[in-house]
Amino acid sequence: MAVQATLHCLTGCAIGEVLGMVIGTAAGLSNGVTIALAVVLAFIFGYALTVRGVLRAGVPVRQAVKVALAADTLSITVMEIVDNAVMVLVPGAMHAGLASWLFWGALAFAFAVAFVVTVPVNRWLIARGKGHAVVHAYHRRLTRPRRRTTRR
């Protein structure tokens, strides 16, 4: 379950992170601004994916947002710290440009490292009934067969 939760987190983070890195790099923004944009977008997309799933289970928007914040904040935070640190530490990656294999290779490597580091965090959260353990309770609502009611 921790691997699945981390993959879910990685999906949202990657969408936001790639979008932020692409916008920042294409616009010639500084490393700090590009990273800030990527982090903000990673949180937005990470939370949005969770909220979408919880809403499908029939949960009101306000509660779905609370569930997403509780389930994803630590996981996204760890993932963002790790993948942005890797991007900064790979020489020339932040300045390589969008057409460069260095940029895309470093970004893929950063996601892989972040995934490996974040799986134990999610395992720890789930073992304590937190993180995606909370979300899975709502997902089970979607997978259970619903009773058919008949009108008379």
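Notes on the structure follow. Keep in mind that what you see is a predicted model, and the values were worked out from it rather than measured.

**Regarding the nonpolar core**
- Of all hydrophobic cores here, the largest spans 41 residues; its most connected members are Cys13, Met21, Val54, Ile76, Met79, Met87 and Leu107.
- Elements with a minimum of two residues in this core: α1 (2–26), α2 (31–56), α3 (61–89) and α4 (101–127).
- Here the element with the most residues in this core is α4; it accounts for 11 residues.
- Setting aside anything within four residues of it in sequence, one finds Ile76 in contact with Cys9, Cys13, Phe43, Gly46 and Tyr47.

**Brief notes about the side chain of Thr6**
- As for its position among the elements, Thr6 is in helix α1.
- Look at Thr6 and you get buried, because its relative accessible area is 0%.

**What to know about the packing of aromatic side chains**
- All chains considered together, the criterion is met by two aromatic pairs.
- Geometrically, the ring pair formed by Phe43 and Tyr47 is tilted, given 5.7 Å between the ring centres and 50 degrees between the ring planes. In this pair, Phe43 and Tyr47 both sit in helix α2, four residues apart, roughly one turn of the helix.
- With 4.9 Å between their ring centres and 90 degrees between their planes, Phe103 and Trp104 make a pair best called edge-to-face.

**Overview of the environment of Phe115**
- Looking at where Phe115 falls in the secondary structure, it is placed in helix α4.
- Taking the C-alpha atoms as reference points, Phe115 and Val82, separated by 33 residues in sequence, lie 8.9 Å from one another.
- With residues near it in sequence (within four places) discarded, Phe115 still touches Val3, Thr6, Leu7, Leu10 and Met79.

Procedures and definitions
- Residues numbered from 1 in each chain as written.
- Predicted model: local features only at pLDDT ≥ 70, side-chain atom pairs only at ≥ 80, totals over all residues.
- Heavy atoms only, no water.
- Core = buried A, V, L, I, M, F, W, Y, C linked by side-chain atoms within 4.5 Å.
- Buried < 20%, exposed > 50% of the residue type's maximum accessible area, 1.4 Å probe, protein only.
- Helix = DSSP H or I, 4+ residues; strand = E, 2+ residues; numbered from the N terminus.
- Contact = heavy atoms within 4.5 Å.
- Phe/Tyr/Trp six-rings, centres within 6.5 Å; stacked < 30°, edge-to-face > 60°.

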